[in-house]
Amino acid sequence: MTNIESLYTYSTSQYEAVDHLLSMGVGAHFAALIFFILLSRFIAPRYRTATALSCIVMVSAGTILYGQSGLWENAFTFDQTTGLYTPADATFSNGYRYVNWMVTIPCLLTQLLIVLDIRGNQLFRDAGVLILLAWGMIVTGYVGQLYETTDLMQLTIWGAISTVFFVAMNWIVGTRIFRTLPLMPPTASGAMRKVFWLMMFAWTLYPLAYAVPYFAPSAGGVVIRQALFTVADVSSKAVYGIMITYIALQRSAAEGFEPAMQVNSLSPQKGT
Ligand code: RET
């Protein structure tokens, strides 16, 4: 057993709260996927990759959350005599999330650089450095969470190393955003500033969820942890993607992009 989730018994409301949070996460990501697909034709090709990356993130995160809810349902059985959900043979693990971030975080970082209009070699270099820092953060965090039920010292050490990567990554993200703001159309720069603060808020919820075994090693703590994960997921991926797409739309409009007109065969053509 590697995660504290598998240690406790849950009241029906605690068990259901987690189950419902995970299902809500699945729904939010697939709903946002439709939104991104529908809006992509209104975005100039120069920025469209940003929205396409959101589609990848939605499918990847939505799928992992679907897996998490199945895992949760299999990991506990209802005990008629006590009225509680007790651990079954299968164990629940948050580790799948960490591995999934290896895919989603590079997409989130790259789409940011694209709407900042960082291009060519600069895009390659910035994305490369950010992705390596993100992977360093994830791998060390993944190793740390393996110890959360056995050795809190290891959890601390790996968490601290992971945080060094996290801070370095945020520093670069912040400098890129604030350096580019004056060059952006005014309609987009306000939203970009909000994107920065949304990232700082949402991304910080993940280390808080990691630290739950310190401050609330209990069934209630597990509910708090899964709630933190869900708020973090919906805001760092779906809401963030909507804001990135909004910026891409504003930049497209500012550069005079118009989506191809629909031909309506029933209305009379001009000049006839
Ligand atoms: C870990 C380990 C403890 C220290 C820190 C962490 C940071 C995790 C972050 C995750 C972000 C995930 C996102 C996923 C999107 O799909 C690894 C929990 C600092 C920042 C944005």
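Before reading on, note that the structure itself is shown above.
Residues numbered from 1 in each chain as written. Predicted model: local features only at pLDDT ≥ 70, side-chain atom pairs only at ≥ 80, totals over all residues. Heavy atoms only, no water.

### Focus on the overall build of the protein
Part 1: Along the backbone of the protein there are eight helices and two strands.
Part 2: Of all 272 residues assigned to the protein, the portion counted as buried reaches 49%.
Part 3: Long-range contacts, defined here as pairs at least 24 residues apart, represent 80% of the contacts in the protein between residues at least 6 apart.
Part 4: As displayed, the protein has an accessible area near 13000 Å², and 69% of this comes from carbon and sulfur atoms.
Part 5: A gap of 21 Å separates the mean positions of the 14 positive and 13 negative side-chain charges of the protein. (Helix = DSSP H or I, 4+ residues; strand = E, 2+ residues; numbered from the N terminus. Buried < 20%, exposed > 50% of the residue type's maximum accessible area, 1.4 Å probe, protein only. Contact = heavy atoms within 4.5 Å. Areas by Shrake-Rupley, 256 points an atom, 1.4 Å probe, with all protein chains shown as cover. Lys, Arg positive; Asp, Glu negative; His and termini not counted. Charge placed at Lys NZ, Arg CZ, Asp CG, Glu CD.)

### Re the packing of helix 6 (residues 186–210) against helix 8 (residues 219–254)
Part 1: Where helix 6 meets helix 8, the axes come as close as 9 Å, and the angle between the chain directions of the two elements is 165°. The angle between helix 6 and helix 8 places the two elements in the roughly antiparallel class. Every pair of crossing elements has a handedness; the one defined by helix 6 and helix 8 is left-handed.
Part 2: Its residues assigned to classes, the contact of helix 6 with helix 8 comprises 24 nonpolar, four polar and five charged. (Axes fitted to C-alpha atoms, helices over the stretch in contact; angles between N-to-C directions. Parallel < 35°, antiparallel > 145°, perpendicular 65-115°, else oblique. Left-handed = near helix turned anticlockwise from the far one by under 90°. Nonpolar A, V, L, I, M, F, W, Y, C, P; charged D, E, K, R; others polar.)

### Some remarks on the packing of aromatic side chains
Part 1: Inspection of the entire model under this criterion finds 15 aromatic pairs.
Part 2: These aromatic residues form a ring-pair network of at least three members: Tyr10, Tyr15, Trp72, Phe76, Phe78, Tyr85 and Phe92.
Part 3: Positioned over the ring face of Phe42 is Arg41, at 4.8 Å from the centre of the ring.
Part 4: Positioned above the aromatic ring of Phe229 is the side chain of Arg97, whose terminal nitrogen or guanidinium carbon lies 4.2 Å from the ring centre. (Phe/Tyr/Trp six-rings, centres within 6.5 Å; stacked < 30°, edge-to-face > 60°. Lys NZ or Arg CZ within 6 Å of the ring centre and 35° of its normal.)

### Comments concerning the pairing of strand 2 (residues 84–87)
The side chains of a regular strand alternate, residue by residue, between the two faces of the sheet.
Part 1: In terms of strand pairing, strand 1 (residues 76–79) meets strand 2 through four bridges, oriented antiparallel. When the bridges of strand 2 are listed, Thr77 appears paired with Thr86.
Part 2: Where strand 1 folds back onto strand 2 in an antiparallel hairpin, the turn is made up of four residues, including Gly83, whose phi is positive at roughly 75°. (Pairing = 2+ DSSP bridges.)

### Notes on the site of the ligand
Part 1: Taken together, 17 residues lie around the ligand, and Thr104, Ser162, Phe166, Tyr206 and Lys237 are the ones closest in.
Part 2: Here an oxygen atom of the ligand sits 2.7 Å away from a polar atom, N or O, in the side chain of Lys237.
Part 3: Protein chains shield 99% of the accessible area of the ligand, which is 540 Å² for the free molecule.
Part 4: Of all elements in the fold, only helix 3 (95–115), helix 4 (120–145), helix 5 (152–180), helix 6 and helix 8 reach the threshold of two or more residues within the shell around the ligand.
Part 5: Per-element tally for the shell around the ligand: the top contributor is helix 3, with five residues. (Near = heavy atom within 4 Å. Polar contact = N/O pair within 3.5 Å; in protein donor to acceptor, adjacent residues only side chain to side chain.)

### Description of the nonpolar core
Here is a general trend for soluble globular proteins: nonpolar side chains tend to be buried in one another's company.
Part 1: Residues Leu112 and Met192 are the most contacted members of the largest nonpolar core, which totals 80 residues.
Part 2: Within the residue set of this core, elements represented by two or more residues are helix 1 (12–39), helix 2 (45–75), helix 3, helix 4, helix 5, helix 6 and helix 8.
Part 3: Counting residues per element, this core draws most heavily on helix 6, which supplies 14 residues.
Part 4: Contacts of Met192, omitting those with residues within four sequence positions, involve Leu112, Val115, Leu116, Ile177, Leu181, Met184 and Ile247. (Core = buried A, V, L, I, M, F, W, Y, C linked by side-chain atoms within 4.5 Å.)

### A look at the environment of Pro182
Part 1: Position of Pro182 among the secondary structure elements: in the loop between helix 5 and helix 6.
Part 2: Between the C-alpha atoms of Pro182 and Val129, which are 53 residues apart in sequence, the distance is 24 Å.

### Overview of the pattern of salt bridges
Part 1: Using the criterion set out here, one finds seven salt bridges in the structure.
Part 2: Here Arg225 ties to Glu5 by a salt bridge, and the two come within 2.9 Å at their closest N and O atoms. Placement of Arg225 in helix 8 and of Glu5 in the segment before helix 1 is noted, with a sequence separation of 220 residues between them.
Part 3: Of the residues examined, Arg225 reaches a relative accessible area of 2% and is grouped as buried.
Part 4: Among the residues examined, Glu5 registers a relative accessible area of 0% and is labelled buried.
Part 5: With a closest N to O distance of 3.0 Å, Asp117 and Arg119 form a salt bridge. (Salt bridge = Lys/Arg side-chain N within 4 Å of Asp/Glu carboxyl O.)

### A look at the environment of Ile172
Part 1: Relative to the helices and strands, Ile172 resides in helix 5.
Part 2: Not counting residues up to four positions away in its chain, the partners in contact with Ile172 are Val129, Leu130 and Leu133.

Shape is all these values report; function is a separate question.
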